[in-house]
Amino acid sequence: MSITLNQPTGPAHTRIYAYGAARGENVVPNDDLVGPIDSSDEWIRQRTGIVTRVRANHDTTAIELATAAAREAVERSGIAPEQIDAVIIATISNPKQTPSVSAIVADRIGANPAAAYDLNAACAGFAYGVAQADALIRGGVAHYAVVVGAEKLSDIVDPTDRSISFLLGDGAGAVVVGPSDTPGIGPTVWGSDGSKAELVAMNATLTEFRDGKAPWPTIRQEGPSVFRWAVWEMVKVARRALEAAGVTPDDLTAFIPHQANMRIVDEFAKQLKLPPSVIIANDIETTGNTSAASIPLAAHRLLGEHPEASGGLALQIGFGAGLVYGAQVVVLP
């Protein structure tokens, strides 16, 4: 006698229902940071496009930021919190190794007993989370999912580090993903190159800090190498995501890359041959680089400033620490 297991199946398609956002409470201009790195406001603007960045209060953690962003996304989606049955949070700045940020946020937004887990893919984390939410729903494992990118990078930055300290900000961006009658999330092109993991990485471990062998661990990068990788290799990933989705740059309404550096974003647009009609997200100018939070924060701002983009196609791509990357085309809510 053979036994056949039940295996769940879900809807054919998914889409993003709504975005939510939360930014650090404090606007930090370049002039506040240039002393320890012997730099200038002009140098930072020219090299990165950043005028200010936002940083959270001392007692605000990635958990509070994620909660606020998730709550707004759920409220704007029209989906009742109790219908959310998966919460995925991308972060590298959980103030504790455990419990997960996602389990706490699920409870705070009224989504108990949703499945909840954190993922660590740094600046690609949000794209990874969207890919997983799409797969979970289409596989019948979840009905509605909240995906959040949340970071408090000011906790892990050395103000004297000239390679990255002036780039980083704090914030969280969230989406609600659910079933759709038509395709709203294209195939994800993702991957990594761990052989070059040290190009963007923490400079010590927590156990080394505990044992007095290293100061508090902070994030560092080899800027020129990261720039070259992002510009030349990630453009190839972006093209593959467009091809996988069956669209061309001319079909796009918006381009929403990880807000790493506006020079990288500008070179991206040039290499992709984006037409002038494509709206290019620019959240880094006033928010800074917020790692996993940067794509949803940039999308949230873009839709606020360009409501006509609603319903259009957006190419989003994340890339960063560990040389992890992910890209997909989505329909903007």
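All residue numbers refer to positions counted from 1 along the written sequence of the respective chain. Totals for whole chains, interfaces and linings use all residues, but because this is a predicted model, local features are given only for residues with pLDDT of at least 70 and pairs of side-chain atoms are given and counted only at 80 or more. For side-chain calculations, the full set of non-hydrogen atoms in the structure is used, while hydrogens and water are omitted.

S.K.: I'd like to hear about the overall build of the protein, residue by residue, with values.
M.R.: Strands here mean DSSP runs of E at least two residues long; helices mean DSSP runs of H or I at least four residues long; both are numbered from the N terminus. Secondary structure summary: the protein contains 10 helices and 14 strands in total. Radius of gyration here is computed from C-alpha atoms only, and the compact-globule reference equals 2.2 Å multiplied by the residue count raised to the power 0.38. Rg of the C-alpha trace for the protein: 19 Å, near the compact-globule value of 20 Å for 333 residues, within the 12% margin. Counting only C-alpha atoms and orienting by the principal axes, one finds that the protein spans roughly 70 × 50 × 40 Å. Each residue is assigned to one of three classes by its accessible area relative to the maximum for its type, calculated with a 1.4 Å probe on protein chains only: buried under 20%, partly exposed between the two thresholds, exposed over 50%. Buried positions account for 55% of the 333 residues belonging to the protein. Any two residues having at least one pair of non-hydrogen atoms within 4.5 Å are treated as being in contact. The long-range fraction of contacts in the protein, counting pairs at least 24 apart against all pairs at least 6 apart in sequence, stands at 77%. The distance from the centre of the 25 positive side-chain charges to the centre of the 36 negative ones in the protein is 4 Å. Positive charges come from Lys and Arg alone, negative charges from Asp and Glu alone, with His and the N- and C-terminal ends not counted. By convention, charge coordinates are those of NZ in Lys, CZ in Arg, CG in Asp, or CD in Glu.

S.K.: Account for the environment of Ile-50, naming residues and giving values.
M.R.: Secondary-structure assignment places Ile-50 in the loop between helix H2 (41–48) and strand S3 (52–55). Residues Ile-50 and Leu-167, 117 residues apart in the sequence, show an inter-C-alpha distance of 7.5 Å. Those residues in contact with Ile-50, other than ones at most four positions away along the chain, are Asn-30, Ile-44, Arg-45, Phe-166, Leu-167, Ile-284, Glu-285 and Gly-288.

S.K.: Talk me through the sheet that holds strand S14 (residues 324–331); I want residue IDs and the actual numbers.
M.R.: Two strands are counted as paired when DSSP detects at least two bridges linking them. Taken in spatial order, the five strands make up an open sheet running S8-S14-S13-S11-S12, and their pairing is mixed. Each end of this open sheet is capped by a strand with a single partner; those strands are strand S8 (189–192) and strand S12 (279–280). Alignment of strand S13 (residues 313–320) against S14, held across eight bridges, turns out to be antiparallel. When the bridges of S14 are listed, Phe-319 appears paired with Tyr-325.

S.K.: If you had to explain unusual backbone geometry to someone new, which residues and values would you point to?
M.R.: Between Thr-98 and the following residue, Pro-99, the backbone shows a cis peptide bond with an omega angle of 5 degrees. By the secondary structure assignment, Pro-99 is in the loop between strand S4 (86–90) and helix H4 (101–108). At the junction of Asn-112 and Pro-113, the peptide bond is cis and its omega measures out at 5 degrees in the coordinates. Structurally, Pro-113 is set in the loop between H4 and strand S5 (115–119). We note that Lys-273 has phi near 55 degrees; this positive angle belongs to a residue other than glycine. A positive phi angle is found at Ser-291, which is not glycine, with a value near 50 degrees. Summarising the element assignment, Ser-291 is placed in the loop between helix H9 (284–287) and helix H10 (294–305).

S.K.: Talk me through the side chain of Asn-94; I want residue IDs and the actual numbers.
M.R.: You can see Asn-94 is positioned in the loop between S4 and H4. For Asn-94, a relative accessible area of 19% corresponds to the buried category. Side-chain atoms alone can form a polar contact between residues adjacent in sequence; in general such a contact is a pair of N or O atoms within 3.5 Å, and within protein one must be able to donate a hydrogen while the other accepts it. Polar side-chain contacts of Asn-94 include one of 2.8 Å to the backbone oxygen of Lys-96.

S.K.: If you had to explain the packing of aromatic side chains to someone new, which residues and values would you point to?
M.R.: Two aromatic rings from Phe, Tyr or Trp, using only the six-membered ring of Trp, form a pair when their centres are within 6.5 Å; if the ring planes differ by under 30 degrees the pair is stacked, by over 60 it is edge-to-face, and anything between is tilted. Per the counting criterion, the structure on display carries seven aromatic pairs. Ring centres of Trp-43 and Phe-166 lie 5.4 Å apart, and the angle between their planes is 75 degrees; this geometry places the pair in the edge-to-face category. In this pair, Trp-43 sits in helix H2 while Phe-166 sits in the loop between strand S6 (145–152) and strand S7 (170–180), placing the two residues 123 residues apart along the sequence. The class of Trp-43 is partly exposed, set by a relative accessible area of 25%. According to the relative accessible area criterion, Phe-166 is buried, its value standing at 4%. With 4.7 Å between their ring centres and 65 degrees between their planes, Tyr-128 and Trp-190 make a pair best called edge-to-face.

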